[in-house]
Amino acid sequence: QKQVALLRQPQVKVETIYRLRPTVGPIDDPLERVLVTRNRTAEGLGLPLPAGKLALFGQRGGRRILLGEGRLDDHTIGEKVEIPVATATGVRASQVVERSEGRGPFRLTLTNDHDSAQVAEIEVPLGARPIGGGRLVKRDGWMLWRVTVPANGTAELRYTISAD
């Protein structure tokens, strides 16, 4: 009898986030779906990754469906890997300007029509300051609002942009 050794493919630990960099005026846009991991053995990778294309599939009704496509750049071991794969139809952002002074205040509302909570990262200009709640942290030349939008729910951030 022949023995066949089956190699189990390692599972790559990937976080799906929804990202947006809003303009300073009114918006009503879907967010971008981004796959995020780190090229380390602990995440199921740990080898130099060559550039190439990526297709993201899901399952619905027992059939594979294409969720999105993206492009992977070259990544060294240990490097953070972010791959935008699609526009998210179920996670949207709506922003209104509460006064017409160009620096806000702005009211940004995220909606999520999925049946599970979704993590969103919103990158606003460096001079942005939250009003009455919300937390902004500086990252890569932007102020970042990272929030978990509840299933079938909303999250809101009010902010201004200072002149300095």
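The structure this text deals with has already been given above.
Undergrad: Help me out: how do you make sense of the overall build of the protein in this one?
TA: When you go through the protein residue by residue, the secondary structure sums to zero helices and 11 strands. Going from N to C terminus, the protein has its helices and strands arranged as β-β-β-β-β-β-β-β-β-β-β. Its C-alpha atoms give the protein a radius of gyration of 19 Å, clearly above 15 Å, the size a compact globule of 164 residues would have. For the protein, the spread of C-alpha atoms along the three principal axes comes to 80 × 35 × 25 Å. Partitioning the intrachain contacts of the protein with sequence separation of at least 6 by distance along the chain shows that 58% fall at a separation of at least 24. Counting only carbon and sulfur atoms, one obtains 50% of the accessible surface of the protein, whose full area is about 10,500 Å². Mean positive and mean negative side-chain charge positions of the protein (24 and 19 charges, respectively) differ by 5 Å.

Undergrad: Could you clarify how one ought to interpret the pairing of strand 6 (residues 106–112) in this entry?
TA: Working note: regular strand, side chains alternate between the two faces of the sheet. In terms of burial, strand 6 is largely enclosed, as five of its seven residues are buried. The sheet contact formed by strand 6 and strand 11 (residues 154–161) spans six bridges and is antiparallel. By the bridge assignment, Arg107 is partnered in strand 11 with Arg158.

Undergrad: Looking at this structure, how should I read the nonpolar core?
TA: Leu31, Leu110, Ile122, Trp145 and Tyr159 are the most contacted members of the largest nonpolar core, which totals 23 residues. Taken together, the elements giving at least two residues each to this core come down to strand 1 (15–20), strand 2 (27–38), strand 5 (80–97), strand 6, strand 7 (118–124), strand 10 (142–149) and strand 11. Other than its neighbours up to four places away in sequence, Leu31 contacts Tyr18, Arg19, Leu20, Ala86, Thr87, Ala88, Val91, Arg92, Ala93, Leu110, Ala120 and Ile122. In terms of nonpolar packing, the next biggest core, distinct from the first, is built from eight residues, Leu72, Ile83, Val85 and Ala86 among them.

Undergrad: How do you make sense of the sheet that holds strand 8 (residues 128–130) when you look at a structure like this?
TA: Hydrogen bonding along the main chain pairs the strands of a sheet, whether they run parallel or antiparallel. Spatially, nine strands are ordered 8-11-6-5-2-1-7-10-9 in an open sheet, and the strand pairing comes out mixed. Of all strands in the sheet, those with a lone pairing partner are strand 8 and strand 9 (137–139), marking the two edges. Averaged over all pairs of adjacent strands, the angle between strand axes in this sheet comes to 40°, irrespective of strand direction. Taken together, the three bridges between strand 9 and strand 10 define a ladder with antiparallel strand orientation. Bridging across to strand 10, Arg139 finds its partner in Trp142.

Undergrad: Looking at this structure, how should I read the pairing of strand 4 (residues 63–72)?
TA: Sheet topology places strand 3 (residues 52–60) next to strand 4; nine bridges connect them, and they run antiparallel. When the bridges of strand 4 are listed, Ala55 appears paired with Glu69. What sits between strand 3 and strand 4 in their antiparallel hairpin is a turn of two residues, with Gly61 showing a positive phi close to 60°.

Here is what the cut-offs are and how they apply
- Residues numbered from 1 in each chain as written.
- Predicted model: local features only at pLDDT ≥ 70, side-chain atom pairs only at ≥ 80, totals over all residues.
- Heavy atoms only, no water.
- Helix = DSSP H or I, 4+ residues; strand = E, 2+ residues; numbered from the N terminus.
- Rg over C-alpha atoms; globule rule 2.2 N^0.38 Å.
- Contact = heavy atoms within 4.5 Å.
- Areas by Shrake-Rupley, 256 points an atom, 1.4 Å probe, with all protein chains shown as cover.
- Lys, Arg positive; Asp, Glu negative; His and termini not counted.
- Charge placed at Lys NZ, Arg CZ, Asp CG, Glu CD.
- Buried < 20%, exposed > 50% of the residue type's maximum accessible area, 1.4 Å probe, protein only.
- Pairing = 2+ DSSP bridges.
- Core = buried A, V, L, I, M, F, W, Y, C linked by side-chain atoms within 4.5 Å.
- Axes fitted to C-alpha atoms, helices over the stretch in contact; angles between N-to-C directions.

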